[in-house]
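Summary of structural features
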Amino acid sequence: MENHKDGLLRLDGVSMLIPFILITSCFALWGFANDITNPMVKAFSKIFRMSVTDGALVQVAFYGGYFAMAFPAAMFIRRYSYKAGVLMGLGLYAVGAFLFLPAKEIGVYPFFLAAYFILTCGLSFLETSCNPYILSMGSEATATRRLNMAQCFNPCGSILGMFVAMNFIQARLDPRDSSERMLLDEAEFNLVKDSDLSVLVTPYVAIAAVIAVMFVVILMVRMPNNGDRSHDISFLPTLRRIFRLRYYREGVIAQFFYVGAQIMCWTFIIQYGTRVFMNEGMGEQQAEVLSQQYNIIAMALFICSRFVCTYLMKWLNPGLMLLIFGSIAMVLVVGVISFDSRLGLYCLVGVSGCMSLMFPTIYGIALEGLGDDAKFGAAGLIMAILGGSVLPPLQAAVIDMDTVWGMPAVNASFVLPFICFVVVAAYGFRMRKA
């Protein structure tokens, strides 16, 4: 029977407010990393004179780190504690961000990819630790609502990352567009590249310093030992046990496609908007900066929608909400594909309002009732973030075709997010009575 003293932010009669605030701040920190990075696909493409597909390797390295470190993180957390996992995550995050300095001095694209990979190994530790840690900070009956509340602060970090990318990177890069850069000789190209890389690395070094301070604060504060009952690492038996659960197994699949859709919509809004605005007569850099402003509006809508959805979850079944919002997202993506104007961009902004509840709701449904197995269950769901590594390069390859099915390739490429939302809505349909 549930302890009557447990609630949204109380466990065994003890307030979880301070631990909740500290761990929730980590949600904002990895949101910042995610969304300062999405516009870098376009930025690196320009700086190194590469195709969109080559630029999308940023996302391969970024989300590949999530995939590679998820189960090692779970084993580390199982052996030690959630707090140890959070500290390891913050440490790797800071190291990866600081590595942008030597990468800039070397001036070679693969070194930036390596820095992103190390940084996101840290994010993998953070997400594998923080999500189930938040679930454990109160009644199981309110766990999904509590995670939605914590996740509300993730897009606050995201919108800050977008703002920094727009004002401190995109707006300060050399104003020459991609076609002009292709005409530069090697000496001119290297001068422009070095200048642009100096602009690009500064925010990453700044966030590394912030992360280092956060590491010290969490190290010094006493944190609860929720979920730290078992330190045995029964890797394969635990995996077999949790993957027998249909709601967990299908949740991993849904999360893979959701994250892919999210990253595609937030990364390629830059390409989509740039094309729309250049057709209106804008220069490339001006069009990119304006597209990022629309991305920030999309994130603001995402934040507002998440608070609304968290409130509605007091009365509506989480699975039913997934079905409703997934279906609306599908309709909006049809508009993104069909309209070759700002109307399509408005539809793409609207998609963010539908995505707001998806990650934490899939997460909460999939981990319900797993107990201490939630540590490995969380790792499987974090590995599903691989969707953000696999699917964006596929969309980038479509965008590089210029024209598909008689329409602009950037429009046609949003067939991929549409398919992803079909999978999410289907999971909601199957879980609506759970």
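See the structure above.
Moving on, we get to the pattern of salt bridges. Throughout the structure, instances matching the rule amount to eleven salt bridges. Note that Lys 104 is salt-bridged to Glu 105, the shortest N-O span being 3.6 Å. With its nearest N and O atoms 2.6 Å apart, the salt bridge here joins Asp 340 to Arg 275. With a gap of 65 residues between them, Asp 340 in the loop between α16 (318–338) and α17 (342–355) and Arg 275 in helix α14 (residues 269–279) connect regions that are remote in the sequence. Taken together, the shared-partner salt bridges connect Lys 42, Lys 46, Glu 284 and Glu 288 into one network.

The next thing to look at is the packing of aromatic side chains. Evaluated as defined, the whole model comprises 27 aromatic pairs. When the ring of Phe 100 is compared with that of Tyr 116, the centres are 5.0 Å apart and the planes differ by 90°; the resulting orientation is edge-to-face. Residue Phe 100 is found in helix α6 (residues 100–106), and its partner Tyr 116 is found in helix α7 (residues 109–135); the two are separated by 16 residues along the sequence. Assessed through its relative accessible area of 0%, Phe 100 is described here as buried. Among the aromatic residues, ring-to-ring pairing joins Phe 44, Phe 48, Phe 62, Tyr 63, Tyr 66, Phe 100, Tyr 109, Phe 112, Tyr 116 and Tyr 204 into one connected group. Sitting over the face of the ring of Tyr 80, Arg 79 holds its NZ or CZ atom 5.3 Å from the ring centroid. Note that Arg 432 overlies the ring of Phe 429, its terminal NZ or CZ placed 3.9 Å from the centroid.

Note that Ala 384 resides in the loop between α19 (374–383) and α20 (387–399). What makes Ala 384 buried here is its relative accessible area of 4%. Between the C-alpha atom of Ala 384 and that of Asp 400, which follows or precedes it by 16 residues, the distance is 26 Å. Excluding its chain neighbours within four sequence positions, the residues that come into contact with Ala 384 are Val 252, Gln 255 and Phe 256.

Turning next to empty space enclosed by the protein. Under the definition given, this model contains two cavities of 30 Å³ or more. Space inside the largest cavity adds up to approximately 160 Å³. Considering the residues around the largest cavity, the lining is formed by 17 residues, among which Asn 34, Glu 127, Asn 154, Gln 262 and Phe 359 are closest to the centre. Of all elements in the fold, only α1 (17–37), α4 (57–79), α9 (154–169), α13 (246–267) and α15 (284–312) reach the threshold of two or more residues within the lining of the largest cavity. Looking at the lining of the largest cavity, the element that brings in the most residues is α13, giving four residues. The residue inventory of the lining of the largest cavity, partitioned by class, reads nine nonpolar, five polar and three charged. For the second largest cavity, the full set of lining residues is Phe 32, Ala 33, Ile 36, Thr 37, Tyr 93, Leu 119, Tyr 204 and Ile 207. For the lining of the second largest cavity, the secondary structure elements donating two or more residues are α1 and α11 (186–220). No other element matches α1, which puts four residues into the lining of the second largest cavity.

A few words now on the state of the cysteines. Within this structure, the stated rule accounts for zero disulfides. Cys 265 takes part in no disulfide bond, and the closest cysteine sulfur to it belongs to Cys 420, at a distance of 8.4 Å. By relative accessible area, which is 2% here, Cys 265 ends up buried.

Attention now moves to helix α18 (residues 358–367). Residues lying three or four places apart along an α-helix face the same way, a consequence of the helix completing one turn every 3.6 residues. Burial runs high along α18: ten of the ten residues are buried. Among the residues making up α18, those that are buried are Met 358, Phe 359, Pro 360, Thr 361, Ile 362, Tyr 363, Gly 364, Ile 365, Ala 366 and Leu 367. Count one or two residues on from α18 and you reach Gly 369, which has phi positive near 80°.

Cut-offs applied
Residues numbered from 1 in each chain as written. Predicted model: local features only at pLDDT ≥ 70, side-chain atom pairs only at ≥ 80, totals over all residues. Heavy atoms only, no water. Salt bridge = Lys/Arg side-chain N within 4 Å of Asp/Glu carboxyl O. Helix = DSSP H or I, 4+ residues; strand = E, 2+ residues; numbered from the N terminus. Phe/Tyr/Trp six-rings, centres within 6.5 Å; stacked < 30°, edge-to-face > 60°. Buried < 20%, exposed > 50% of the residue type's maximum accessible area, 1.4 Å probe, protein only. Lys NZ or Arg CZ within 6 Å of the ring centre and 35° of its normal. Contact = heavy atoms within 4.5 Å. 1 Å grid on protein atoms, 1.4 Å probe; cavity = no way out; pocket = protein on both sides within 12 Å on 5 of 7 lines; lining within 4 Å. Points joined across faces, edges and corners; volume = space filled by probe spheres on them. Nonpolar A, V, L, I, M, F, W, Y, C, P; charged D, E, K, R; others polar. Disulfide = S-S within 2.5 Å.

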